[in-house]
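Here's the letter readout for the chains.
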Amino acid sequence: MLARRFVIVLFALLAVSQVVLAQSSPLIMKHADSLAVARTRGLLNLHGRVHFVHDSIQFRTQHASWNKSSETVQCEGGFLFTHPSGYIHAHSGMYQKKSSFASASGDVNAADSAGSYMFKGEYLMYDRENEILTMPDKPKLFQFEKKKDGTVDTVTIEAKKIIFNKKESFAEAFQSVKVTQKDLVVTCDTGYFDRKNNWLSMVGNPTCDMKNYHLTGDSIFLVLDEEGKSLKSALVIRNAHGVSQEDPKKGAPGNVTEAFGDTLYCEFANNKIERLYVNLNAKGFFYETDLPDYRNLMDGDRLDLYFKKGKMDRAVVSGKAQSTYFYVKKDRTVSGKNEAAGDTINIIFDAQKNAVKSLKLLGNSTLASGRYVDLEKERRNKEAKEKATRDSLAAIAEKNGTAAAKPGTSKSAANMAKAVAATVKKDALDSTKLAPDSTSAEKHPESKAQQLDAEMRAKKAELLRKKMAERIAASKKHKEQKPAEQKTTEQKTTAQKTATVPAANQTEQKSADKTTTQQKATKQEGPKK
């Protein structure tokens, strides 16, 4: 026990002695091509291959001003600062012996001797005792990690200011922060990166993007795996928004899943999402990329999504839960949608078909309810309504062209067309209130009655449309017959007139003949008298 204490005390003394020696050891000028002394100011001006040594550090330059009273050396014409843990290279620099502090400016490059870190920027300050580097002007920090296969994994941090603690492998970045590692790209106003414990914290408009995933919120906390190669988990706090996207594969369409809420938590494995949890005002939807207008919705107080190989496997919506799911046929047409509500909704998906396999509702404070909307029937009713409207308008237009003398006819046809359109619209709206399917209809007689009632309304609308079409056809036929009848009447009148003229002529001729005969008789009787 005593021996152990002695060893501990010995190591402490050695550490203290190294610090004291570093501070007490002199600053030595090893070489300079020329030297000029300014005694009034206590300066030594050195030129040409200037070389200084202090303990384990060395620095070289072409021009130096050495203030012996403050033991400060200002270097111009190039600055190369080397120490056991790394180096700094820049256009100019400064070294202060008492505080073991160095600074460099102008195209600064710095790296450690192990080749695990490198800095680039316009200005750098190095605290040798605490091993802290501060870069306040356009800095870039590179962290390298060599793998067993010989490749190198690189993390790049860009910002307006970076402070790096080499002992703790901890970096702080401020303003316009961007962190890049392979497919992972992170942006924020302020970021903290702990390389030793593999976590990254961001505040101020943070975003996190990696292949097929996107996260945003007021603050984001990321955890990398033990080797620091890939993302292990992500926590988003306040105004959380997450997006997961899978690209199309082997003829199958891609899919997109989005979630919103106050708090969002994701878990990843091999760069694939495994779980997504959203709490407080949770909302989510998912859809297939070839049908972006048909979004399956999930709303509630809490939302838990589980994935397998990047595809949704199971979903649980809790607290005032609501869901809407569209049914897609093999030909990629949408046949209908199912709407459900309750305290909890459990949805199981078929990953191969990318469709809902089963849906279970639980109700307590909120009654469980559901309904199925036949979208195909809605489309048929809409088409029938549009056709009836077109036919009515065509008939009205045609009638207006031939019946200008009867303005009331056009008005009545228009009113009739409006009535037909209103009836078809009403029946189309009523037909949406159907039961989910035959199985559900057997369980719910009211739904079956609603379905029968909707079918009767549809038939009634169809009969009304047919009657309207018959009336229009009859009207059209009547218009065609009317000119023919008028022509026949005119022909008869002309014939009668033609027949009357010869008869009159014959009467006049007979009267003239009679007069002539009487005149002849008178002449003959005259001489006899």
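Calculation criteria
- Residues numbered from 1 in each chain as written.
- Predicted model: local features only at pLDDT ≥ 70, side-chain atom pairs only at ≥ 80, totals over all residues.
- Heavy atoms only, no water.
- Buried < 20%, exposed > 50% of the residue type's maximum accessible area, 1.4 Å probe, protein only.
- Helix = DSSP H or I, 4+ residues; strand = E, 2+ residues; numbered from the N terminus.
- pLDDT = per-residue confidence, 0-100.
- Contact = heavy atoms within 4.5 Å.
- 1 Å grid on protein atoms, 1.4 Å probe; cavity = no way out; pocket = protein on both sides within 12 Å on 5 of 7 lines; lining within 4 Å.
- Points joined across faces, edges and corners; volume = space filled by probe spheres on them.
- Nonpolar A, V, L, I, M, F, W, Y, C, P; charged D, E, K, R; others polar.
- Disulfide = S-S within 2.5 Å.
- Phe/Tyr/Trp six-rings, centres within 6.5 Å; stacked < 30°, edge-to-face > 60°.
- Lys NZ or Arg CZ within 6 Å of the ring centre and 35° of its normal.
- Pairing = 2+ DSSP bridges.

Some points on unusual backbone geometry
Here aspartate 55, not a glycine, exhibits a phi torsion of approximately 55°, which is positive. Residue aspartate 55 is classed as partly exposed on the basis of its relative accessible area of 43%. Unusually for a residue other than glycine, glutamine 175 sits at a positive phi of about 65°. Residue placement: glutamine 175 occurs in strand β15 (residues 170-181).

Some points on the confidence of the model for the chain
Taken over all residues, the pLDDT of the chain has a mean of 78, while the share at 70 or more is 74%. The low-confidence segment residues 1-23 (pLDDT under 50) makes four contacts with residues lying over four places distant or belonging to another chain. This model gives residues 514-529 a pLDDT under 50, and the stretch forms zero contacts once residues within four places in sequence are excluded.

Remarks on the environment of glycine 191
As for its position among the elements, glycine 191 is in strand β16 (residues 184-194). Taking the C-alpha atoms as reference points, glycine 191 and glycine 204, 13 residues apart in sequence, are found 8.8 Å from one another. If sequence neighbours within four positions are ignored, glycine 191 has contacts with Ala171, Glu172, Ala173, Val177, Ser201 and Met202.

Section: empty space enclosed by the protein
One pass over the structure, following the stated rule, counts five cavities of 30 Å³ or more. Quantified by volume, the largest cavity comes out at close to 120 Å³. Taken together, 14 residues line the largest cavity, and the ones lying closest to its centre are Ala111, Asp112, Phe119, Leu133 and Lys166. Residues that form the lining of the largest cavity fall into these classes: nine nonpolar, three polar and two charged. Empty space within the second largest cavity amounts to approximately 60 Å³. Elements that contribute at least two residues to the lining of the second largest cavity include exactly β15, β16 and β20 (219-224).

Here we look at the state of the cysteines
The tally for this structure, following the rule as stated, stands at zero disulfides. Looking at the unpaired cysteine 208, the closest cysteine sulfur is the one in cysteine 266, lying at 8.9 Å. Look at cysteine 208 and you get buried, because its relative accessible area is 2%.

A short note on the packing of aromatic side chains
Under the criterion given, the structure shown has 22 aromatic pairs. Measuring from ring centre to ring centre gives 5.1 Å for phenylalanine 52 and tryptophan 66, while their planes differ by 90°; the resulting arrangement is edge-to-face. You can see phenylalanine 52 sitting in strand β3 (residues 43-54) and its partner tryptophan 66 sitting in strand β4 (residues 57-67), a full 14 residues away along the chain. As far as burial versus exposure is concerned, phenylalanine 52 and tryptophan 66 are alike and both buried. An aromatic cluster is present here, built from Phe52, Phe59, Trp66, Phe79, Phe81, Tyr95 and Tyr126 joined pairwise through their rings. The lysine or arginine in question, lysine 68, covers the ring of tryptophan 66, its NZ or CZ lying 5.1 Å from the ring centre. If you follow arginine 314 out to its NZ or CZ, it ends over the ring of tyrosine 306, 4.2 Å from the centre.

A look at the pairing of strand β18 (residues 207-210)
Consecutive side chains along a regular strand alternate between the two faces of the sheet. The sheet contact formed by β16 and β18 spans three bridges and is antiparallel. Bridged to valine 185 within β18 is aspartate 209. As paired elements, β18 and strand β19 (residues 213-216) share four bridges and run antiparallel to each other. Along β19, the bridge assignment pairs aspartate 209 with histidine 214. Joining the antiparallel neighbours β18 and β19 is a turn of two residues, in which asparagine 212 adopts a positive phi near 75°.

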